[in-house]
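Letter by letter, the chains look like this.
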Amino acid sequence: MTEEIRTPETNVPQEEVIQAAVSNVDNTNAPATAVQVDVVEPTPSQPTNGRPPAQEGQPLSQIEQNMATLNAAVARLERLLAAQEERNTIQSMGEPPRGPALYGGLQGIDQVKLAVEAMISGTRPPDGVRPLTGIRELYMLLSGDYELTGRFHDDRVYLANVTTSTMANIVADALNKVVVNMFQEYDQWWAPAVSVRDFSNLQDVNWITLGGVGELPTVAEGAAYTELTWDDQKESDSFVKKGGYLGITIETIDKDDTGRVMAAPRALAQGAWLTLGKAIAAIFTDNGGYGPTMSDSNYLIDSANHSNEGSTALSYAAWQATIIAMMKATELNSGERLGALTRPRYIWVPIDLEATAVEILAAGEGEPDDADYHVNPDALADGLTARTAAARRRVITVPFWTDTNDWVAQADPNLYPSIGLGFRYGRTPEIFSVADPRAGLMFTNDTMPIKVRFFYAVGPTDWRGVYKHIVS
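Small disclaimer: the values here were computed from a predicted structure and weren't measured.

Asks: Looking at this structure, I do not really get the overall build of the protein chain. What am I missing?
Replies: Counting secondary structure elements, the protein chain contains twelve helices and twelve strands. Taking all 472 residues of the protein chain together, the buried fraction comes to 39%. Surface exposure of the protein chain reaches about 27300 Å², of which carbon and sulfur atoms provide 49%.

The structure is reproduced here in structure tokens:
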């Protein structure tokens, strides 16, 4: 049975309505077939209450039914048109059902940043990013200064959001990333021995050692607890600021000396590594090898007041004697022995004594009754290879010590911290750009400066965890 749409006057069947509408869509030059529903305007004596009034000779319910049928026909027509247009729809996100995804391309300046990072790192940029031929192309791209006069020509720069400082900032950001990666690859020989903290300001650093508690007293059933003694020892260090700048001159750009720019990150990372490493090494070489002055007005290494000084050359016997001496160290103000907390775990040695230190910590081989035979309780693994590897992890070779005989024993910093290292603004050096062709070195010297800055504070936190042998 065919469903029909009929208006009060024309009685047009539904199929003819749909066919006429489709003909209008497919042929824009054909006259449109209109379906019109004539409704008599209500008079004041004919209240409608929001409903269409009935025409003369036609009940109101019939008009409502016709309108509903017409709306259904329009909906079917919309579905028909959508099916016809579906073949023209561009599909770019796979077969349905499709998951949520966001696709976008890099802007021009973002591609330049990736290209600069790749250029300085000596690698190829990601797919879709054109590599740079050198520092000269980068300069002209971001300044429009084809004549190399040192001026910024914004009318020649086609990239958006490029200013006089864009090139310097991009180069500084790229150097930052490379310097951070290189600095972390350097041998941080001091890492096992120091306790590292990050600080939120440049106030003097206070390294605090708590003590005075001693042995906990017994609490009888129903009795009150005894208030414990709370003592602390505070050592202070100030932050130091290290830094400088490297200049990229207009001559470097004109000669397209990209290799010079590529070498900058390694030079900056190496400078930061040397600076921090020498500051840590100096803890045991300042003041004639006795170290900095502590809060009790005595040097870090002090035989009379700290009982942490010896004079024996590094040997197995000297190491064993040092273990005993350090385990007898007493807690602050309580006099209780710290025992295993201050048992030495690491040996600080100059390059000349590295092999000796490894042998001492890995020893245990040999024939019974031989003069050199002994069982080493500090050999923390089975088999010579495993013991040697474990021993190397406990030997801290200080490349900056020039004395070939002195050595230091140190307790595990996880049990008893002895050396503090604090950072501000990150644990790696920072790189900054300072460039404007209208001022500064760009104006006076034709030089784009790249500044490096490093804030840190380092120093001993307690003498009980270290023992030094000063060998004459």
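Asks: What am I meant to see in the packing of aromatic side chains here?
Replies: The relative placement of two aromatic rings is captured by the distance of their centres and the angle of their planes. Overall, the coordinates contain 15 aromatic pairs when judged by the stated rule. Here Tyr 186 and Trp 273 contribute two aromatic rings whose centre-to-centre distance is 5.8 Å and whose plane-to-plane angle is 45°, an arrangement assigned as tilted. A residue pair is termed long-range when its members are at least 10 positions apart, and Tyr 186 in the loop between helix H5 (166-185) and strand E1 (195-198) and Trp 273 in helix H7 (residues 258-281) qualify at 87 residues. Accessibility assignment for this pair places Tyr 186 and Trp 273 in one class, buried. Taken together, the aromatic side chains of Tyr 186, Trp 189, Trp 190, Trp 273, Phe 284, Trp 348, Phe 400 and Trp 401 make up a single cluster linked through ring pairs. A cation over a ring is seen here: Arg 345 above Tyr 346, with NZ or CZ 5.8 Å from the ring centre. Over the face of the ring belonging to Tyr 425 we find Arg 424, whose NZ or CZ atom lies 4.1 Å from the ring centre.

Asks: Help me understand the packing of H5 against H7, please; the structure alone is not making it clear to me.
Replies: The relative placement of two packed helices comes down to the angle between their axes together with the axis-to-axis distance. Across the interface, H5 lies against H7 with an axial gap of 9 Å and an inter-helix angle of 45°. As far as their axial angle goes, H7 and H5 are oblique. Along this stretch, H5 crosses H7, giving a crossing that reads as right-handed. Only Val 261, Ala 264, Pro 265, Arg 266, Leu 268, Ala 269, Ala 272, Trp 273 and Leu 276 of H7 make contact with H5, whose side of the interface consists of Leu 175, Val 178, Val 179, Met 182 and Phe 183. Class assignment of the residues belonging to the contact of H5 with H7 gives a composition of 13 nonpolar, no polar and one charged.

Asks: Explanation requested: the sheet that holds strand E5 (residues 309-310) in the structure shown.
Replies: By way of backbone hydrogen bonds, the strands of a sheet pair with one another, either parallel or antiparallel. A sheet is described by the order of its strands in space; here five strands give the open sequence E5-E12-E8-E6-E7, paired in mixed fashion. The strands lining the two open edges of the sheet, one partner per strand, are E5 and strand E7 (395-398). By the bridge criterion, four bridges tie strand E6 (residues 344-350) to E7 in an arrangement that is parallel. When the sheet's bridge partners are listed, Trp 348 is paired in E7 with Ile 396. Strands in contact with helix H9 (residues 316-327) are E6, strand E8 (407-411) and strand E12 (466-469); relative to E8, the strand with the most contacts, it is inclined by about 45°.

Asks: Before we go on, may I ask you to explain helix H4 (residues 135-143) in this structure?
Replies: Think of an α-helix as 3.6 residues a turn; residues three or four steps apart then line up on the same face. With seven of nine residues buried, H4 lies mostly within the body of the structure. Burial in H4 covers these residues: Ile 135, Leu 138, Tyr 139, Met 140, Leu 141, Leu 142 and Ser 143. Summarising the contacts, the buried residues of H4 are in contact with helix H3 (108-121), H5, helix H6 (250-254) and H7. Immediately beyond the C-terminal end of H4, within one or two residues, lies Gly 144, with a positive phi of roughly 70°.

Asks: I'm lost on the pairing of E12 in this one. Help?
Replies: Consecutive side chains along a regular strand alternate between the two faces of the sheet. With burial as the criterion, each face of E12 is covered, one bearing Val 466 and Lys 468 and the other bearing Tyr 467 and His 469. Pairing analysis gives two bridges linking E5 to E12, with the strands arranged parallel. Paired with Gly 310 across the strands is His 469, a residue of E12. With four bridges connecting them, E8 and E12 associate as antiparallel partners. For Ala 409, the partnering residue across the bridge sits in E12 and is Tyr 467.

Asks: Sorry if this is basic, but what is going on with a nonpolar patch on the surface here?
Replies: Where nonpolar side chains cluster on the molecular surface, the patch consists of Ile 208, Leu 210 and Trp 230 and spans about 390 Å² of accessible area. If you trace the backbone, Ile 208 turns up in strand E2 (residues 205-211).

Asks: Where do I start with unusual backbone geometry in this structure?
Replies: Leaving glycine aside, a negative phi is the common case for residues, and trans is the common case for peptide bonds. The backbone of Asp 256 shows a phi angle near 55°, a positive value even though the residue is not glycine. Relative to the assigned elements, Asp 256 resides in the loop between H6 and H7. On the basis of relative accessible area, Asp 256 is assigned to the partly exposed category, the value being 28%. Positive phi, close to 55°, is recorded for Asn 287, a residue that is not glycine. Tracing the backbone through its elements, the reader meets Asn 287 in helix H8 (residues 286-289). You can call Asn 287 partly exposed: its relative accessible area is 41%.

Asks: Looking at this structure, how should I read the confidence of the model for the protein chain?
Replies: Any residue range with low pLDDT should be treated as having predicted coordinates unsuitable for detailed reading. Chain-level pLDDT for the protein chain is 80 on average; 76% of the residues reach the 70-or-more range. Low confidence marks residues 1-12, where pLDDT is under 50. Its contacts with residues over four positions away, or in another chain, come to 27 contacts. Low pLDDT, under 50, characterises residues 24-45; the predicted model gives this stretch 23 contacts beyond four residues in sequence or across chains.

Asks: Any chance you could explain H7 here in plain terms?
Replies: With 24 residues, H7 should reach 34 Å at 1.5 Å per residue; the first-to-last C-alpha distance of 36 Å fits that figure. Along H7, the residues classified as buried are Thr 258, Val 261, Ala 264, Pro 265, Leu 268, Ala 269, Ala 272, Trp 273, Leu 276, Gly 277, Ile 280 and Ala 281.

Asks: Sorry, what's going on with the nonpolar core here?
Replies: A general trend in soluble globular proteins is that nonpolar side chains are found buried together. Ranked by size, the top nonpolar core spans 69 residues in total, and within it Leu 138 and Trp 348 carry the most contacts. With eleven residues, H5 is the largest single contributor of residues to this core. Sequence-distant contacts of Trp 348, that is, excluding residues within four places in its chain, are made with Trp 189, Ala 193, Ile 280, Phe 284, Ile 396, Val 398, Trp 401, Trp 407, Val 408, Gln 410 and Ile 419. Trp 319, Met 326, Val 358 and Ala 409 belong to the second largest nonpolar core, which has 21 residues in total.

Asks: Explanation requested: the pattern of salt bridges in the structure shown.
Replies: Two side chains that carry opposite charge are able to pair once their charged atoms sit near each other. One pass over the structure, following the stated rule, counts eight salt bridges. Glu 137 is the partner of Arg 130 in a salt bridge, and the nearest nitrogen-oxygen pair spans 2.7 Å.

Asks: Mind showing me how you'd approach the environment of Asp 256 here?
Replies: Expressed as a C-alpha distance, the spacing of Asp 256 and Arg 136, which sit 120 residues apart in the sequence, is 5.0 Å. Asp 256 has contacts with Thr 133, Gly 134, Ile 135 and Arg 136, leaving out every residue within four places of it along the chain. A distance of 3.1 Å separates a polar atom in the side chain of Asp 256 from the backbone nitrogen of Ile 135.

Each value, and the rule that gives it
- Residues numbered from 1 in each chain as written.
- Predicted model: local features only at pLDDT ≥ 70, side-chain atom pairs only at ≥ 80, totals over all residues.
- Heavy atoms only, no water.
- Helix = DSSP H or I, 4+ residues; strand = E, 2+ residues; numbered from the N terminus.
- Buried < 20%, exposed > 50% of the residue type's maximum accessible area, 1.4 Å probe, protein only.
- Areas by Shrake-Rupley, 256 points an atom, 1.4 Å probe, with all protein chains shown as cover.
- Phe/Tyr/Trp six-rings, centres within 6.5 Å; stacked < 30°, edge-to-face > 60°.
- Lys NZ or Arg CZ within 6 Å of the ring centre and 35° of its normal.
- Axes fitted to C-alpha atoms, helices over the stretch in contact; angles between N-to-C directions.
- Parallel < 35°, antiparallel > 145°, perpendicular 65-115°, else oblique.
- Left-handed = near helix turned anticlockwise from the far one by under 90°.
- Contact = heavy atoms within 4.5 Å.
- Nonpolar A, V, L, I, M, F, W, Y, C, P; charged D, E, K, R; others polar.
- Pairing = 2+ DSSP bridges.
- Patch = residues over 30% accessible without salt bridge, like charges linked within 9 Å, V, L, I, M, F, W, Y side chains within 5 Å.
- Salt bridge = Lys/Arg side-chain N within 4 Å of Asp/Glu carboxyl O.
- pLDDT = per-residue confidence, 0-100.
- Expected span 1.5 Å × (residues − 1).
- Core = buried A, V, L, I, M, F, W, Y, C linked by side-chain atoms within 4.5 Å.
- Polar contact = N/O pair within 3.5 Å; in protein donor to acceptor, adjacent residues only side chain to side chain.

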